Amino acid sequence: MESAVHAHGLTKAFGNRKAVDRLSFDLPRGSFLTVLGPNGAGKTTLLRLLSTLERPSAGSLTVCGVDAVEEPEELRAKVGLISHQPMLYPDLTAQENLEFFARLHGVADPADRALELLDAVGLKARRMDRVGTFSRGMTQRVSIARALVNDPELVLLDEPCSGLDPHGMQVFARLMEQVREDRTFVMVSHDVEQGLDMADHVLVMSRGRAVQFCPAIDVDRGQLADLYAGRKGGAA
């Protein structure tokens, strides 16, 4: 099966500290990968490498068939990022935000795409309200819509449920089901149970390295609990 992400010896160093250390894995297209590990394991740094926000110090990284080092601009057109930082303009309305990002990505009809996504996240009725007036959960729902505005092949999720109320989490879960087909997902999560339930592949990291990469069905949840309880990572 064709790979969505192929990492070989992937390393990111900050001075003498290796946030990601000789990481290798091969993720099939259409997979949902959950990245787990204790604080400081290197999970967020991995997402930043996949999104081209960081450049590798060593090793190779191919994402959606694109060399992440040699062709970062081409890769950015194929990726959407959902973070606990919403990356929205608070003084703009929800619709203005989405139209702005749609234009950045060259979407053919930014207004229609914005309305489609706001309807999907349950905020069409609030489309003309400034994002700065929204609750944390509502803002995160607009952020999810922003990440999907360019119809990405790969969706990166960095603690996407952070700040969501129960209704917002239901909207998120429903939206993920709607957009799962023909996309690949890589999600960083501290919620082990939710992360395993959503995933078909799991990458467990500690101190920047891969402890385990396997289908989710093969994960020993007891061993994961031991990792979180007794092993501390040393990377961001």
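Located above this text is the structure these notes cover.
Residues numbered from 1 in each chain as written. Predicted model: local features only at pLDDT ≥ 70, side-chain atom pairs only at ≥ 80, totals over all residues. Heavy atoms only, no water.

Novice: Would you explain the packing of aromatic side chains in this entry?
Specialist: To describe a pair of aromatic rings, one takes the distance between the centres and the angle between the planes. Applying the stated criterion across every chain yields a total of five aromatic pairs. Taking the centre distance of 6.2 Å and the plane angle of 25° together, the rings of Y89 and F101 count as stacked. Of the two residues, Y89 sits in the loop between strand 6 (79-82) and helix 3 (94-104) while F101 sits in helix 3, which places them twelve residues apart along the sequence. Owing to a relative accessible area of 14%, F101 belongs among the buried residues under this scheme. With 5.2 Å between their ring centres and 80° between their planes, F100 and F101 make a pair best called edge-to-face. The structure contains a cluster of three or more aromatic residues connected by ring pairs, namely Y89, F100 and F101. (Phe/Tyr/Trp six-rings, centres within 6.5 Å; stacked < 30°, edge-to-face > 60°. Helix = DSSP H or I, 4+ residues; strand = E, 2+ residues; numbered from the N terminus. Buried < 20%, exposed > 50% of the residue type's maximum accessible area, 1.4 Å probe, protein only.)

Novice: Could you clarify how one ought to interpret a negative patch on the surface in this entry?
Specialist: On the surface, a cluster of negative charge is made up of D67, E70, E71 and E74. Examined against the element boundaries, D67 turns out to sit in strand 5 (residues 66-67). Classification of D67 by relative accessible area gives partly exposed; the value is 30%. (Patch = residues over 30% accessible without salt bridge, like charges linked within 9 Å, V, L, I, M, F, W, Y side chains within 5 Å. Areas by Shrake-Rupley, 256 points an atom, 1.4 Å probe, with all protein chains shown as cover. Salt bridge = Lys/Arg side-chain N within 4 Å of Asp/Glu carboxyl O. Lys, Arg positive; Asp, Glu negative; His and termini not counted. Charge placed at Lys NZ, Arg CZ, Asp CG, Glu CD.)

Novice: Whenever I open this one, the pattern of salt bridges confuses me. Can you help?
Specialist: Side chains that differ in charge, positive against negative, can pair when their charged atoms come close. Summed over the entire model, instances satisfying the criterion amount to 13 salt bridges. For the salt bridge of R29 with E153, the shortest nitrogen-to-oxygen distance reads 3.0 Å. Within this pair, whereas R29 is found in the loop between strand 2 (17-28) and strand 3 (32-36), its partner E153 is found in the loop between helix 5 (136-148) and strand 7 (154-158), the two being separated by 124 residues in sequence. For R103, the salt bridge goes to E99, with nearest N and O atoms at 3.3 Å. With R103 and E99 both in helix 3, this residue pair falls four residues apart, about one helical turn. Judged by its relative accessible area of 53%, R103 is exposed. Judged by its relative accessible area of 13%, E99 falls in the buried class. Through salt bridges with shared partners, a single ionic network connects E2, R29, K78 and E153.

Novice: I would appreciate a short explanation of the sheet that holds strand 4 (residues 58-63) in the present structure.
Specialist: As a general point, the strands of a sheet are linked pairwise by backbone hydrogen bonds and lie either parallel or antiparallel. Strand order in the open sheet formed by four strands is 2-1-4-5, and the pairing between neighbours is antiparallel. The sheet is open, and its two edges are formed by strand 2 and strand 5, each paired on a single side. In this structure, strand 4 lies alongside strand 5, joined through two bridges in antiparallel fashion. Bridge pairing in strand 5 links V63 to V66. (Pairing = 2+ DSSP bridges.)

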